[in-house]
Amino acid sequence: SEQTPAVGQLMAELIEKAGFPPGVFNLVQGDGETGRRLSANENVDGVLFTGSYEVGLKIKQETMSHYWKILALEMGGKNATIIWDDADIDKAIYETLIGSFLSTGQRCSCTSRIIVHDKIVDQFTERFYQAAKKLTIGHWSENPFMGPLINGAAVEKYIRFQEIANREGCESMMRGKALDLKHKGYYVTPSIHVVPKFDPKSVYQKSEIFGPNVAIYKSSNFDEALNIVNSTGYGLVMALFSKNRELYEEALLKARVGLLNWNRTTNGASSKLPFGGMGKSGNDRPSADFAIQYCTVPVASLEDPTPFDKNKILPGVSL
């Protein structure tokens, strides 16, 4: 990414220091146009991309006629957590707080929407709000919970979507704002919006913000809650907090997501299990150990070390 070039540079230097032969690993720094030209080049065998849905769609369009090319897209998310009335509420609050605001919301797997059962929604919302107010924000050297957003454009987008939420009738329970701290950076506070009514056409309710904002819904119908989960077109992660295994198994069948966590938040995943989403979140090419299935070509081979047996020749054949 042109936003974080030092990360790739350090990785390249470590690979060179490890003794890889020259040319096995190459780093090309550049902006979107550089990436476009690389992915569209006919001599490139495959493109493995992590980023936004918009850029992933452009890569797909650029490579439409390259039928031989491996294309693995890991894109955005608008992830939801369902918290049912039998949940361990202390655990649900802590896990969902982490899910919503870890990395200042800058993870494709962060929690964007929380759907809470009617019976506990008031209690959950108030306690979640009080806990969010206490999160520490600052420079990494101070060991805070939240650091800055990546750049000024991210701050503008974060503020703009809060305004969109307000215009669409959502209640601003906790307003996110830019902070001016002693260390230079794009620091913001977390924000919470309460959604009075689910609207599948809402810009706020279906857009990935990539910042520390979360929307809270209420529902007493599990099918309705799953409909909200599936409404955005994204399908990366869902989390369910409940003691009822039957609800979990129902979600496994009905939630259109690549990852489903039970009594664990949306972010954080095994490095061995598949990581990838459905719909606008991916193109069915999960990473981790499963990447071997699309980064290699299976070859079938029949081997027979036995001598020729004339007694086994087919009828009608004469040797």
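In what follows, the structure referred to is the one given above.
Colleague: What is the right way to look at the overall build of the chain in this model?
Modeller: Across its full length, the chain carries ten helices and 13 strands. Seen through its principal axes, the chain has C-alpha atoms that stretch 85 × 50 × 35 Å. The buried share of the chain, taken over its 319 residues, is 40%. Considering only contacts within the chain whose residues lie at least 6 apart along the sequence, 65% involve residues at least 24 apart. When the accessible surface of the chain is totalled, it reaches about 18,800 Å², and 53% of it is carbon and sulfur. One way to put it: in the chain the 35 positive side-chain charges average out to a point 3 Å from where the 36 negative ones average out.

Colleague: Explanation requested: helix H1 (residues 5-17) in the structure shown.
Modeller: An α-helical turn contains 3.6 residues, so any two residues separated by three or four positions project in the same direction. The end-to-end C-alpha separation of H1 is 19 Å, in line with the 18 Å expected for 13 residues at 1.5 Å each. Two residues or fewer past H1, Gly 19 is found with a positive phi of approximately 100°.

Colleague: What should I look at first to understand the packing of helix H8 (residues 222-229) against helix H9 (residues 245-254) in this one?
Modeller: When two helices pack together, their arrangement is captured by the angle between the axes and the distance separating the axes. With their axes 11 Å apart at the nearest point, H8 and H9 run at an angle of 40° to one another. Here H8 lies oblique to H9, going by the angle between them. Between H8 and H9 lies a crossing whose hand is right-handed. Contact residues: Phe 222, Asp 223 and Leu 226 in H8; Leu 247, Glu 250, Ala 251 and Lys 254 in H9.

Conventions adopted
- Along each chain, residues carry numbers from 1 onward, in the same order as the chain's sequence is written.
- In keeping with the predicted nature of the model, local features appear solely for residues at pLDDT of at least 70, side-chain atom pairs appear and are counted solely at 80 or more, and the whole-chain, interface and lining totals rest on all residues.
- Neither water nor hydrogens contribute to the side-chain values; these are computed over all heavy atoms in the structure.
- A run of DSSP states H or I qualifies as a helix once it reaches four residues; a run of E qualifies as a strand once it reaches two. Both are numbered from the N-terminal end.
- The cut-offs for exposure are 20% and 50% of the maximum accessible area for each residue type, with area from a 1.4 Å probe on protein chains only; residues under the lower value are buried, those over the upper are exposed, and the others partly exposed.
- For this analysis, residues touch if any pair of their heavy atoms sits within 4.5 Å.
- Method for areas: the Shrake-Rupley scheme with a 1.4 Å probe, in which residue coverage is limited to the protein chains shown.
- Charge counting treats Lys and Arg as positive and Asp and Glu as negative, with His and both chain ends excluded.
- All charge positions are set by atom: Lys at NZ, Arg at CZ, Asp at CG, Glu at CD.
- How far a helix is expected to stretch is found by multiplying one less than its residue total by 1.5 Å.
- All axes are obtained by fitting lines to C-alpha atoms, using only the stretch in contact for helices, and the reported angles, taken between N-to-C directions, cover 0 to 180 degrees.
- Note that the term roughly parallel is reserved for angles under 35 degrees, roughly antiparallel for angles over 145, roughly perpendicular for angles of 65 to 115, and oblique for everything else.
- Crossings are sorted by hand: turned counterclockwise from the far helix by less than a right angle, the near helix makes the crossing left-handed, and turned clockwise it makes it right-handed.

This is a description of form; function is not addressed.
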